[in-house]
Amino acid sequence: MRDIDQLHRRGVWGRCFRWVLLLAALVGVMAAGLPQAQAAAPGQTGQVRTVVPLGQAVGIKLFAQGVLVVGLSDITTQEGPVSPARACGLQAGDVITHINDDPVNSIEQVQTVLQDLEGDEMELTVLRDETSRDMTTHAVQCSADGAYKLGAWIRDSMAGIGTLTFYEPETGRFGTLGHGISDVDTAVLMKLQRGAITPASIAGVVKGVDGRPGELRGSFSSGKDLGTLYANTTCGVFGHLTNAAAQGGTPVPVALPQQVHTGPATIRSNVSGTQVEEYTVEILKVYEHTGDSRDLMLKVTDPRLLAQTGGIVQGMSGSPILQDGKLVGAVTHVLIDHADRGYGIFAQRMLEQADRTRSA
């Protein structure tokens, strides 16, 4: 299975990240055959609410809290190759949040601090598996360019295309993707400092076939934000629309998990330009207490979508699933061995997660 919008070298989430060997600026759906997926709390029942289902493609920009270590390397010095990052115990997947008690949230901040210290001892505050720890180290001077470096590759942001699932008129909140945005190299869920969604247009489709997932290809504007993000979670990415009233649309009830059943349904998706269309699908299975984002399995039956995309493709993650006049879920994964099939998460779980992270 593949998380449709996970960052990968050939997918819709392009390498819009900025990578760096500390102090050397290098601006820089999950695959498996069948079920293995990310952990998340199982859906719970609650008060029925109404939301507006969308299906609109958007650009998603995410800026991390701290800087994520994605790899380690040696620095060439006059004394030979050394790696202060490896020596002090840094690992891929660690998040550096502070240097000498000063918060760092960007590659540029890290670069500036290391150059200013000129190799003096420093203390890193690192988050690993939700536990904070301190590490003492120092940067070394690279003999190639004279810059002070630590020997760690870091990432501070990412961007790509996804699909808006819903917005709630009463609050202006929106949900998208149906899964979290994780780092491609470490699989660590990126900790959100800030982010936004922007208008997007789909320019083409790489059609999916069995054994090779397809993808949507498009572009998005960085100059105009449609909304701001407040949470990146295993159940989706959530935020507030800048102008919810401009979205329009008719609210529908959010189905409780026990109301979702096998049989005909539809999805709304934007696979060409900015046009959102509704396509027929069939819900093949409904799972109970999966503990991940595979609450249901669906199969595309609409001949138009099959002809255009081959079924479920990367970039469609977040496409709302409707059944019996209710929003029942969002598309989250494509099955690599069956391009016309995918998984979805219950919409109720997304809405509950949006509430929990907002009130946290």
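The structure we're discussing is the one just above.
Below: a short report on this structure. Keep in mind that what you see is a predicted model, and the values were worked out from it rather than measured.

1. Focus: helix H2 (residues 107-117)
Moving on, step 1. Of the positions making up H2, those classed as buried are Ile-107, Val-110, Gln-111, Leu-114 and Leu-117. Seen along its axis, H2 keeps its buried residues to an arc of 140 degrees; they face one direction.
Moving on, step 2. Of the residues one or two after H2, Glu-118 is the one with positive phi, at around 55 degrees.

2. Side note on the layout of surface pockets
Moving on, step 1. Taken as a whole, the largest pocket holds about 390 Å³ of empty space.
Moving on, step 2. Lining the largest pocket are 20 residues, and of these Glu-130, Val-188, Leu-189, Met-190 and Lys-191 lie nearest its centre.
Moving on, step 3. Those elements that provide at least two residues to the lining of the largest pocket are strand S10 (122-128) and strand S18 (227-233).
Moving on, step 4. A per-element tally of the lining of the largest pocket places S18 first, with 4 residues.
Moving on, step 5. When the residues that make up the lining of the largest pocket are grouped by side-chain class, the tally is 10 nonpolar, 6 polar and 4 charged.

3. Structural notes on empty space enclosed by the protein
Moving on, step 1. Taken as a whole, the largest cavity holds about 50 Å³ of empty space.
Moving on, step 2. Considering the residues around the largest cavity, the lining is formed by Ala-64, Gln-65, Gly-66, Leu-68, Val-95, Val-188, Leu-189, Met-190 and Lys-191.
Moving on, step 3. For the lining of the largest cavity, the leading source of residues is strand S5 (residues 57-72), giving 4 residues.
Moving on, step 4. Residues belonging to the lining of the largest cavity are distributed by class as follows: 6 nonpolar, 2 polar and 1 charged.

4. Quick word on the pattern of salt bridges
Moving on, step 1. Going through the model one piece at a time under the given rule, you end up with 15 salt bridges.
Moving on, step 2. Where Lys-191 meets Glu-130, a salt bridge forms, and the shortest distance between an N and an O atom there is 2.9 Å. Remark: Glu-130 occurs in the loop between S10 and strand S11 (131-137) and Lys-191 occurs in the loop between strand S15 (173-176) and strand S16 (192-206); sequence separation between them is 61 residues.
Moving on, step 3. Note on Lys-191: relative accessible area 25%, which makes it partly exposed.
Moving on, step 4. Residue classification places Glu-130 among the exposed residues on the basis of a relative accessible area of 61%.
Moving on, step 5. Its salt-bridge partner being Arg-155, residue Asp-183 comes within 1.8 Å of it at the nearest N-O pair. With a gap of 28 residues between them, Asp-183 in the loop between S15 and S16 and Arg-155 in strand S14 (residues 152-167) connect regions that are remote in the sequence.

Thresholds applied
- Residues numbered from 1 in each chain as written.
- Predicted model: local features only at pLDDT ≥ 70, side-chain atom pairs only at ≥ 80, totals over all residues.
- Heavy atoms only, no water.
- Buried < 20%, exposed > 50% of the residue type's maximum accessible area, 1.4 Å probe, protein only.
- Helix = DSSP H or I, 4+ residues; strand = E, 2+ residues; numbered from the N terminus.
- Arc of directions from axis to C-beta.
- 1 Å grid on protein atoms, 1.4 Å probe; cavity = no way out; pocket = protein on both sides within 12 Å on 5 of 7 lines; lining within 4 Å.
- Points joined across faces, edges and corners; volume = space filled by probe spheres on them.
- Nonpolar A, V, L, I, M, F, W, Y, C, P; charged D, E, K, R; others polar.
- Salt bridge = Lys/Arg side-chain N within 4 Å of Asp/Glu carboxyl O.

Honestly, it's all geometry; don't read function into it.
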